[in-house]
Amino acid sequence: MAIPFQYSAILVLVILMVLFNHSEQLQSSEGKSLLRIQHLLNYPSVLNGWNSSTDFCNFDPSPSVTVVCYEESITQLHIIGNKGTQILPRNFSIDSFVTTLVTLPNLKVLTLVSLGLWGQLPGKIARLPSLEILNISSNFFYDSIPEDLSSLTGLQALILDDNMFSGELPHWFDSFPLLGVLSLRKNMFNGTLPNSLSNLENLRVIVLSHNYFNGEIPDLSSLRNLQVFDLEDNDFGPQFPQLGNKLVTLILSKNKFRDALPARVSSFYQLQRLDLSHNKFVGPFPGSLLTLPSITYLNIADNKFTGMLFENQSCSADLDFVDLSSNLISGHLPNCLKSHSKEKVQYAGNCLATRDQRQNRISFCRNEALAVGILPQRRKRGEAAKVITFGVIGGFVGGIALVGLIFLIVRKVNARKTIKQPKTRLISENASTSYPSKLLSDARYISQTMKLGALGVPAYRTFSLEELEEATHNFDTSTFMGEGSQGQMYRGRLKNGLSVAIRCLKMKRSYSTQKFMNHIELISKLRHRHLVSSLGHCFECYLDDSSVSRIFLIFEYVPNGTLRSWISEGHTRQKLNWAQRIAAAVGVAKGLQFLHTGIVPGVYSNNLKMTDVLLDHNLVAKISSYNLPLLAEYMGKVRHGAVPKDPNTAERKSLEEKNDVYDFGVILLEIIVGKPINSKNEVELVKDELQSSISGDETARRSMVDPAVHKGYSDQSLKTMMEVCSKCLLKNPTDRPSVEDVLWNLQFAAQVQDGWRGDSGEGSPVSPRPLHLTLY
């Protein structure tokens with residue numbers, strides 16, 4: 001039946017009104033979502049211009065905030081906060097935040113940078129099916145990447161820099177066939193790289209620097225478009241990676257590569273930046289790297305490269321920086337490098353024929369090359385070279401025979417000396433890899449701090465006595481580090497090259513191995529980035545009654561001295577700057593938090609002192625001495641702070657936690673003032689001065705802080721540190737903050753300092769400024 005004209009006109013009008021209203025409702029709905037996001041972000045200053053009347057699709061973009069619409073629907077959202085000033089309330093919910101985000105279903109580009117976001121990244125973010133670029137850098141996301149992201153098959157860029165993501169890189173990364181940029185810089189990822197990366201043929205940028213990755217790199221030669229490959233500061237190696245020849249930037253510094261450079265590197269004609277520094281590369285340095293047509297930056301410092309350079313050697317016209325220092329290179333510095341300043345061409349620590357920059361004698365480079373199994377290039381022929389080679393081999397074999405003879409004689413003498421000792425046998429007891437089910441069922445939770453450990457240390461295992469004897473040269477006096485109430489300490493080196501600290505406890509009473517297994521169970525879990533982590537144990541038992549005669553506890557060896565030596569004594573020319581002091585304090589707080597809540601049962605009353613905090617080669621703080629009930633058994637009594645008979649009452653745990661907070665406050669006090677504090681009277685005296693300066697002006701606070709950092713701190717970060725310190729040292733334990741509160745405020749101080757340092761250009765006197773890679 002035909003519809004009359006007047007009715008058809010009305011129908012068209014109704015349809016138009018419905019479509020118009022639908023469009024208005026959609027726009028209004030998405031606008032409300034943005035205002036909800038503003039509220040959840042605690043109204044950051046960069047969103048000050050947003051209100052209920054804002055036309056978001058026509059809102060003027062800025063470097064900090066951009067909203068892009070297509071057909072009245074939001075397709076791009078960029079919010080970049082002010083790092084160091086944005087902090088979210090403790091009741092912030094990342095789940096609620098992402099739930100609001102997914103009400104913008106047409107988002108293709110999402111950038112949320114430096115907004116203080118924290119928590120586990122919810123998998124529901126994958127409900128943005130059109131997402132092509134996801135950038136959530138410079139926040140506090142932790143745990144692993146959710147597998148739900150694998151459904152975002154259109155993703156082209158994934159940027160998670162400067163967070164606390166951990167765990168291994170997932171195998172499902174080949175679910176992103178269009179992925180061009182993968183940047184995970186400055187996180188806590190570990191493990192090896194998945195082979196699935198080699199299937200991402202569109203990858204142009206891979207940045208994995210400053211994590212805890214290790215092992216061989218999969219064959220990536222199929223990535224024909226790869227231009228940027230940055231692995232700085234991991235544990236990759238030993239083989240040089242298989243890569244395509246279109247690279248523009250290749251950074252492998254601070255890893256464990258130790259082979260010779262393959263010849264194909266000289267065919268990377270588009271290469272502009274090459275950094276191989278701080279590895280163990282061997283073999284001749286290819287002089288052709290200096291002539292690569294696009295090279296501007298070349299750094300091979302601190303390796304074992306050999307070979308000769310010549311004065312008439314060519315260089316690329318664009319070469320702006322070269323660092324050849326601390327290798328085994330001889331010959332003459334090329335003329336093409338002599339015109340550059342010392343800041344742009346560095347070559348100290350080689351055997352070059354020049355008086356500029358400190359050089360070694362030619363014999364040093366030859367001997368060092370032989371020590372690592374490399375013959376330096378020499379301009380000799382035929383038989384002469386053979387004589388040298390066979391002479392070295394003959395001397396090496398003769399040396400082995402002589403060492404073997406001496407070893408047998410020493411073993412025989414030692415056997416005579418020890419013949420009267422009680423016969424012992426070695427018992428290998430594998431510590432359980434999981435907690436008893438009852439223990440887990442009784443625990444309310446195991447804190448996320450356990451997952452934030454990102455160890456980067458080998459798996460816990462049982463050692464044999466022979467391994468420990470070999471590592472310490474039969475516990476030679478040269479490996480002895482000292483003896484105290486907690487046993488003898490030795491330094492050793494395992495077959496795989498890992499340095500370890502070995503604590504030897506001679507048991508004075510008869511205990512079976514089983515009695516100690518509960519203690520070993522706990523010790524095996526004490527593995528965290530900010531603890532001197534346990535690597536294993538070894539029991540030695542008497543044959544007659546199977547009781548324990550000695551226990552060996554093996555820990556990682558931390559070589560860089562105590563925190564005190566870097567702040568209030570020693571290292572006078574290399575004191576930690578303010579940002580590094582905050583980082584050390586945050587590290588100690590994280591280690592303490594792990595001891596309390598990262599394992600079950602927690603470890604409390606740790607009697608923590610400034611000298612119990614060590615710094616590794618990256619200046620990461622690690623707690624070296626914490627309360628082990630096993631040591632109480634060893635000493636035959638319960639030492640101060642050991643776990644009491646009923647350690648699980650809430651009141652007891654709270655009191656012991658607050659005792660640790662007080663000890664941490666003393667450490668914080670010394671970090672601030674830069675002077676050793678060794679008595680309770682000193683603590684009270686300095687604390688009173690500190691409290692007065694907090695309520696005073698900036699000059700009063702400046703008078704308290706270590707003069708060594710006067711030019712490098714933000715007053716707001718200093719004031720925050722002082723306030724945290726003062727609260728930790730309150731006399732009434734119940735008035736002291738929790739470790740979580742302490743950590744929260746210290747991280748705020750770190751954010752403030754980072755923001756201030758970014759404006760002021762402050763650098764580190766100890767370590768170079770990190771490389772900031774521009775991805776776009």
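Cut-offs applied
- Residues numbered from 1 in each chain as written.
- Predicted model: local features only at pLDDT ≥ 70, side-chain atom pairs only at ≥ 80, totals over all residues.
- Heavy atoms only, no water.
- Helix = DSSP H or I, 4+ residues; strand = E, 2+ residues; numbered from the N terminus.
- Buried < 20%, exposed > 50% of the residue type's maximum accessible area, 1.4 Å probe, protein only.
- Contact = heavy atoms within 4.5 Å.
- Areas by Shrake-Rupley, 256 points an atom, 1.4 Å probe, with all protein chains shown as cover.
- Pairing = 2+ DSSP bridges.
- Salt bridge = Lys/Arg side-chain N within 4 Å of Asp/Glu carboxyl O.
- Patch = residues over 30% accessible without salt bridge, like charges linked within 9 Å, V, L, I, M, F, W, Y side chains within 5 Å.
- Lys, Arg positive; Asp, Glu negative; His and termini not counted.
- Charge placed at Lys NZ, Arg CZ, Asp CG, Glu CD.

Participant: Teacher, can you tell me more about the overall build of the chain here?
Facilitator: Along its length, the chain carries 15 helices and 33 strands. Buried positions account for 50% of the 776 residues belonging to the chain. Contacts in the chain between residues at least 24 apart in sequence constitute 57% of all its contacts with a sequence separation of at least 6. Entry remark: accessible area of the chain is about 37600 Å², with carbon and sulfur atoms responsible for 52%.

Participant: How should the sheet that holds strand S24 (residues 351-352) be read in this particular structure?
Facilitator: Note on sheets: strands pair through backbone hydrogen bonds, and any given pair is parallel or antiparallel. One open sheet holds the three strands; their spatial order is S20-S22-S24, and the pairing between them is parallel. The open sheet has two edge strands with one neighbour each: strand S20 (308-309) and S24. Note that strand S22 (residues 330-331) and S24 share two bridges and pair parallel. Considered in S24, the bridge of Gly331 is made with Leu352.

Participant: Mind showing me how you'd approach the pattern of salt bridges here?
Facilitator: Pairing of side chains with opposite charge becomes possible as their charged atoms draw close. Counted by the stated rule, this structure contains 14 salt bridges. Residue Glu132 is joined to Lys108 by a salt bridge in which the shortest nitrogen-to-oxygen separation is 3.9 Å. In this pair, Glu132 sits in the loop between strand S4 (118-120) and strand S5 (133-135) while Lys108 sits in the loop between helix H2 (94-101) and strand S3 (109-113), placing the two residues 24 residues apart along the sequence. What makes Lys108 partly exposed here is its relative accessible area of 37%. Note that Glu670 is salt-bridged to Arg564, the shortest N-O span being 2.8 Å. Here Glu670, found in helix H11 (residues 650-673), pairs with Arg564, found in the loop between strand S31 (548-556) and helix H9 (578-598); they are 106 residues apart in sequence, far enough to count as distant. For Arg564, a relative accessible area of 10% translates into the label buried.

Participant: Even after reading the chapter, I still don't get a positive patch on the surface, so can you show me in this structure?
Facilitator: On the surface, Arg258, Lys280, Arg491 and Arg493 cluster together to form a positively charged patch. Its location among the elements puts Arg491 in strand S28 (residues 487-493). Note on Arg491: relative accessible area 40%, which makes it partly exposed.

Participant: What exactly am I supposed to notice about the environment of Thr153 here?
Facilitator: Looking at the element boundaries, Thr153 is found in the loop between strand S6 (140-143) and strand S7 (157-159). A C-alpha to C-alpha distance of 10.0 Å links Thr153 and Phe173, two positions 20 residues apart in sequence. If sequence neighbours within four positions are ignored, Thr153 has contacts with Ser175, Pro177 and Leu178.

Participant: Explanation requested: the sheet that holds strand S8 (residues 164-168) in the structure shown.
Facilitator: Ordered by their spatial adjacency, six strands build an open sheet running S4-S6-S8-S10-S12-S14, and the pairing between neighbours is parallel. On the outer flanks of this sheet lie S4 and strand S14 (235-236), each paired with one strand and no other. Looking at chain direction, S8 and strand S10 (residues 188-191) are connected through three bridges and run parallel. Considered in S10, the bridge of Ser166 is made with Met188.

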